[in-house]
Amino acid sequence: MNFQTLARHIIEEERKYPEATGELSSLLHDLSLATKVISLEVNKAGLVDILGFTGDSNVHGEQVKKLDIYAHDMMVKAMDHGGHLCVMASEEEEDIIHIPPHFHIGKYVLLFDPLDGSSNIDANVSIGTIFSIYRRITPDDQVATMEDCLQPGHKQVAAGYVIYGSSTMLVYTAGNGVHGFTLDPAFGEYILSHKKIETPKKSKIYSINEGNYLYWHTGLKKYIKYLQEEDEESGRPYSSRYIGSMVADVHRNLLYGGIFMYPADSRNPNGKLRLMYECNPMAFIIEQAGGKASDGKRRMLDIQPEKLHQRVPIFIGSEDDVKTVEKFMAEEEVKASK
Ligand code: AHG
Ligand code: MN
Ligand code: MN
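Bear in mind the structure is a predicted one, so any value in this text is a computation, not a measurement.

Definitions and cut-offs
- Residues numbered from 1 in each chain as written.
- Chains lettered and ligands numbered in written order.
- Predicted model: local features only at pLDDT ≥ 70, side-chain atom pairs only at ≥ 80, totals over all residues.
- Heavy atoms only, no water.
- Domains from an automatic or database assignment.
- Contact = heavy atoms within 4.5 Å.
- Buried area = accessible area lost by both parts, 1.4 Å probe.
- Salt bridge = Lys/Arg side-chain N within 4 Å of Asp/Glu carboxyl O.
- Polar contact = N/O pair within 3.5 Å; in protein donor to acceptor, adjacent residues only side chain to side chain.
- Nonpolar A, V, L, I, M, F, W, Y, C, P; charged D, E, K, R; others polar.
- Donors = N, O, S within 2.8 Å, 3.2 Å for Na, K, Ca; no water.
- Helix = DSSP H or I, 4+ residues; strand = E, 2+ residues; numbered from the N terminus.
- Buried < 20%, exposed > 50% of the residue type's maximum accessible area, 1.4 Å probe, protein only.
- Expected span 1.5 Å × (residues − 1).
- Pairing = 2+ DSSP bridges.
- Axes fitted to C-alpha atoms, helices over the stretch in contact; angles between N-to-C directions.
- Phe/Tyr/Trp six-rings, centres within 6.5 Å; stacked < 30°, edge-to-face > 60°.
- Disulfide = S-S within 2.5 Å.
- Parallel < 35°, antiparallel > 145°, perpendicular 65-115°, else oblique.
- Left-handed = near helix turned anticlockwise from the far one by under 90°.
- Near = heavy atom within 4 Å.
- Areas by Shrake-Rupley, 256 points an atom, 1.4 Å probe, with all protein chains shown as cover.

1. Digging into the domain arrangement of the protein chain
Part 1 of the argument: As assigned here, the protein chain comprises domain 1 (6-194) and domain 2 (205-337).
Part 2 of the argument: Look at where the C-alpha atoms of domain 1 and domain 2 centre, and you get two points 25 Å apart.
Part 3 of the argument: Taken together, the 45 residues of domain 1 in the interface contact 30 residues of domain 2.
Part 4 of the argument: When the two sides are added together, the surface that domain 1 and domain 2 hide from each other amounts to roughly 2,700 Å², 67% of it contributed by carbon and sulfur.
Part 5 of the argument: Counting the contacts that link domain 1 with domain 2 gives zero salt bridges.
Part 6 of the argument: In this assembly, domain 1 and domain 2 are joined by 14 residue pairs in polar contact (both at pLDDT 80 or more).
Part 7 of the argument: Of the residues belonging to the side of domain 1 that touches domain 2, the class tally is 23 nonpolar, 16 polar and six charged.

2. Section: the coordination of the manganese ion (ligand 3)
For a metal with four tetrahedral donors the ideal donor-metal-donor angle is 109.5 degrees, whereas six octahedral donors ideally subtend 90 or 180 degrees.
Part 1 of the argument: For the manganese ion (ligand 3), every protein donor is listed as Glu 91 (OE), Asp 113 (OD) and Leu 115 (O), and the spread of their distances is 2.2 to 2.3 Å.
Part 2 of the argument: Counting along the primary sequence, the residues that act as donors to the manganese ion (ligand 3) give the motif E-x21-D-x1-L.
Part 3 of the argument: A distance of 3.7 Å spans the gap from the manganese ion (ligand 3) to the manganese ion (ligand 2), which Asp 113 bridges by coordinating each metal. Taken together, the residues span a long stretch of sequence, with Glu 91 in the loop between strand 1 (85-90) and strand 2 (97-98) and Leu 115 in strand 3 (residues 108-116) at a distance of 24 residues.
Part 4 of the argument: Here Leu 115 falls in the buried class, since its relative accessible area comes to 1%.

3. Quick look at the environment of Glu 23
Part 1 of the argument: Residue position: Glu 23 is located in helix 2 (residues 23-43).
Part 2 of the argument: Residue class for Glu 23 comes out partly exposed when judged on its relative accessible area of 21%.
Part 3 of the argument: Expressed as a C-alpha distance, the spacing of Glu 23 and Ile 316, which sit 293 residues apart in the sequence, is 30 Å.
Part 4 of the argument: Ignoring any residue separated from it by four or fewer positions in sequence, one finds Glu 23 in contact with Glu 14, Gly 83, His 84, Gly 106, Lys 107 and Tyr 108.

4. Some details on helix 2
Part 1 of the argument: Between its first and last C-alpha, helix 2 extends 31 Å over 21 residues, near the 30 Å set by a 1.5 Å rise per residue.
Part 2 of the argument: Within the sequence span of helix 2, burial applies to Leu 24, Ser 25, Leu 27, Leu 28, Asp 30, Leu 31, Ser 32, Ala 34, Thr 35, Ile 38, Ser 39 and Val 42.

5. Re the sheet that holds strand 1
Part 1 of the argument: Taking strand neighbours across the sheet as the criterion, the eight strands line up as 2-1-3-4-5-6-7-8 in an open arrangement whose pairing is mixed. For this open sheet the edge positions go to strand 2 and strand 8 (189-194), each flanked by a neighbour on one side alone.
Part 2 of the argument: Pairing between strand 5 (residues 158-164) and strand 6 (residues 168-173): six bridges, direction antiparallel. If you follow Ala 159 over to strand 6, its bridge partner there is Thr 173.
Part 3 of the argument: Seen against the sheet, helix 1 (residues 6-15) touches strand 6, strand 7 (178-184) and strand 8 and runs at an angle of roughly 5° to strand 6.

6. Quick notes on the packing of aromatic side chains
Part 1 of the argument: Throughout the structure, instances matching the rule amount to seven aromatic pairs.
Part 2 of the argument: Relative to Phe 328, the ring of Tyr 226 lies with its centre 5.0 Å away and its plane at 50°, an arrangement referred to as tilted. Pair noted here: Tyr 226 is in helix 5 (residues 218-228) and Phe 328 is in helix 8 (residues 319-337), with a separation of 102 residues, a long-range link.
Part 3 of the argument: Taken together, the ring pairs connect Tyr 223, Tyr 226 and Phe 328 into an aromatic cluster.

7. Some details on the state of the cysteines
Part 1 of the argument: Here the structure, examined in full by the defined rule, presents zero disulfides.
Part 2 of the argument: Just so you know, Cys 149 is unpaired, no disulfide at all, and the nearest cysteine sulfur is the one on Cys 86, 7.6 Å from it.
Part 3 of the argument: Free cysteine: Cys 279, not disulfide-bonded; nearest cysteine sulfur from Cys 149 at 17 Å.
Part 4 of the argument: Judged by its relative accessible area of 0%, Cys 279 is buried.

8. Looking at the packing of helix 5 against helix 8
Part 1 of the argument: Where helix 5 meets helix 8, the closest approach of the two axes is 8 Å, and the angle between their N-to-C directions is 135°. Accordingly, the angle class assigned to the pair helix 5 and helix 8 is oblique. Where helix 5 crosses over helix 8, the two elements pack in a sense that is right-handed. Residues Thr 218, Gly 219, Leu 220, Lys 222, Tyr 223 and Tyr 226 of helix 5 lie in contact with helix 8, whose contacting residues are Asp 321, Thr 324, Val 325, Phe 328, Met 329, Glu 332 and Lys 335.
Part 2 of the argument: Its residues placed into classes, the contact of helix 5 with helix 8 shows six nonpolar, three polar and four charged.

9. Some words on the site of ligand 1
Part 1 of the argument: Surrounding ligand 1, one finds 16 residues, the nearest of these being Asp 116, Gly 117, Asn 209, Tyr 242 and Tyr 262.
Part 2 of the argument: Between Ser 118 and ligand 1, the recorded distance is 2.9 Å, taken from a backbone N or O atom to an oxygen atom.
Part 3 of the argument: With the chains in place, 80% of the 470 Å² that ligand 1 exposes on its own is no longer accessible.
Part 4 of the argument: Elements that contribute at least two residues to the shell around ligand 1 include exactly strand 3 and strand 11 (259-262).
Part 5 of the argument: It is strand 3 that contributes the most residues to the shell around ligand 1, three residues altogether.
Part 6 of the argument: Broken down by class, the residue content of the shell around ligand 1 amounts to six nonpolar, five polar and five charged.
Part 7 of the argument: Residues lining the shell around ligand 1 come from more than one domain, with at least three contributed by each of domain 1 (6-194) and domain 2 (205-337).

Shown next, in the form of structure tokens:
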């Protein structure tokens, strides 16, 4: 049998760098364990009512948590004592999460969206966990601070997501391509299933919540109309695919090619998605797969974050498509300024 587990893959990747200490490998290993537990819980989601887990407590008298809070707690519990982190931050918690001082303090920073697409949980639609890893920048002998968390995306050491879908898959990059692993439910191991994923340069799929059309930028309205027009040479009209779970939408587009957009609009001037937990990790992955990610003007990974829970517009996916939407929006701005 010629298969490679995630654990083996990470070790072999790290061997390529003689200066590596193995710390990142073990951190990714701890993360993969946390997501296996979340995956189990996600798979049981439909049984909650049948097994009597409704209301505020379950049959064991334990407090029943919403799945996104469960996933948040699981991530924190699995990651705080591994010895590799100095601080964490989660979409589900207002402030940064310090590592308790009685645990070993490491050199890495972990930011995560414990459960993305949570409005889809009850409909059995794919959801996911997104993570982003940085090296700390404050001195090792001090308590880590917000400064360690607010680094621009291009400083990421690794990023990835787990998608709980028709199967559970973990996709990650440590700056040397994008690798995908499928969880074998029988023996609970992530197995390499998608080697060095490369996303098509141009696509035929666009993903956006078109219900917000009325509130969009004129340039964006024109772009979407352009995608719907017929033109054989440029492969139009495009297909529209929108799940409403960023992980699932970006994952599909990563494999098939496509552009995913959550723009700013007149009601949400900064869009909806979070720079630190959603946009930066996905941007790192997409760039590593040969794609492009921007806020409509700037490269996503170059944005200097100001706030932990900052929102940012996002245009991410196949390179040519992201360039085209940027062009449509820039043209409109030129017109508006005249
Ligand atoms: P989360 O569940 O972490 O709050 O994220 C939901 C996000 C994202 O997954 C998705 O792309 C977007 O919300 C969908 O938003 P709309 O329902 O406004 O289209
Ligand atoms: Mn999310
Ligand atoms: Mn979330």
